[in-house]
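# Results of the structural survey
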Amino acid sequence: MPTHLSLARPRPPRLALVLGGCGVRSIAAVGIADVLAHEGVAPDLVVGCSSGALVGATVALRISPEQARPVAAPREPSCRRS
């Protein structure tokens, strides 16, 4: 049984923005990041793979959505899974 009480304040919730690959999804991620920024919600952590990593970098660097959209533009004809 503990002999002391912790008077530490509870930590606020943390938010991670996780972005997947595929150019089409990356364009959607730019829009989601734009809405989060507009609402004043800043992620504590941003991670992504493939094109999601590129968009994640623009979010982490606080690059505007207008500048980020060309980065997210699809480079592949489609992102179908085989």
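Quick look at the structure, then. (Residues numbered from 1 in each chain as written. Predicted model: local features only at pLDDT ≥ 70, side-chain atom pairs only at ≥ 80, totals over all residues. Heavy atoms only, no water.)

## Considerations on the overall build of the protein chain
Note the following rule: Here a strand is any run of E in DSSP of at least two residues, a helix any run of H or I of at least four, and the numbering for each starts at the N terminus. Only protein chains enter the accessibility calculation, which uses a 1.4 Å probe; a residue is then buried when its area is under 20% of its type maximum, exposed when over 50%, and partly exposed in between. By the convention used here, residues are in contact when the closest approach between their heavy atoms is within 4.5 Å. Working definition of accessibility: Shrake-Rupley area with a 1.4 Å probe, residue cover restricted to the visible protein chains.
On a plain count of helices and strands, the protein chain comes out with three helices and two strands. Secondary structure elements in the protein chain, listed N-terminal to C-terminal, are β-α-β-α-α. Counting only residues that meet the buried cut, the protein chain has 22% of its 82 residues in that class. Within the protein chain, contacts between residues at least 6 apart in sequence are counted, and of these 82% link residues at least 24 apart. Accessible area for the protein chain stands at about 6,500 Å²; split by element, carbon and sulfur atoms hold 61% of it.

## As for the pairing of strand 2 (residues 45–48)
Put simply, the test is: Strand pairing is defined by DSSP finding a minimum of two bridges between the two strands.
Pairing between strand 1 (residues 16–19) and strand 2: four bridges, direction parallel. Each bridged residue has a counterpart across the sheet, and for Val18 the counterpart in strand 2 is Val47.

## Brief notes about the packing of helix 1 (residues 23–38) against helix 2 (residues 51–60)
The test is simple: All axes here are fitted lines through C-alpha atoms, helices being fitted over the stretch that makes contact, and every angle between N-to-C directions spans 0 to 180 degrees. Roughly parallel means an angle under 35 degrees; roughly antiparallel, over 145; roughly perpendicular, 65 to 115; everything else is oblique. Should the near helix be turned anticlockwise from the far one by less than a right angle, the crossing is termed left-handed; should it be turned clockwise, right-handed. Each residue gets one of three labels, nonpolar for Ala, Val, Leu, Ile, Met, Phe, Trp, Tyr, Cys and Pro, charged for Asp, Glu, Lys and Arg, and polar for the others, Gly among them.
Taken N-terminus to C-terminus, the directions of helix 1 and helix 2 make an angle of 20°; their axes are 9 Å apart at the nearest point. With respect to each other, helix 1 and helix 2 are oriented roughly parallel. Considering how the two elements wind past one another, helix 1 and helix 2 form a crossing that is right-handed. Contact residues: Gly23, Ser26, Ala29, Val30 and Ala33 in helix 1; Ser51, Gly52, Val55 and Val59 in helix 2. Taken together, the residues of the contact of helix 1 with helix 2 sort by class into five nonpolar, four polar and no charged.

By themselves, these figures tell us nothing about what the structure is for.
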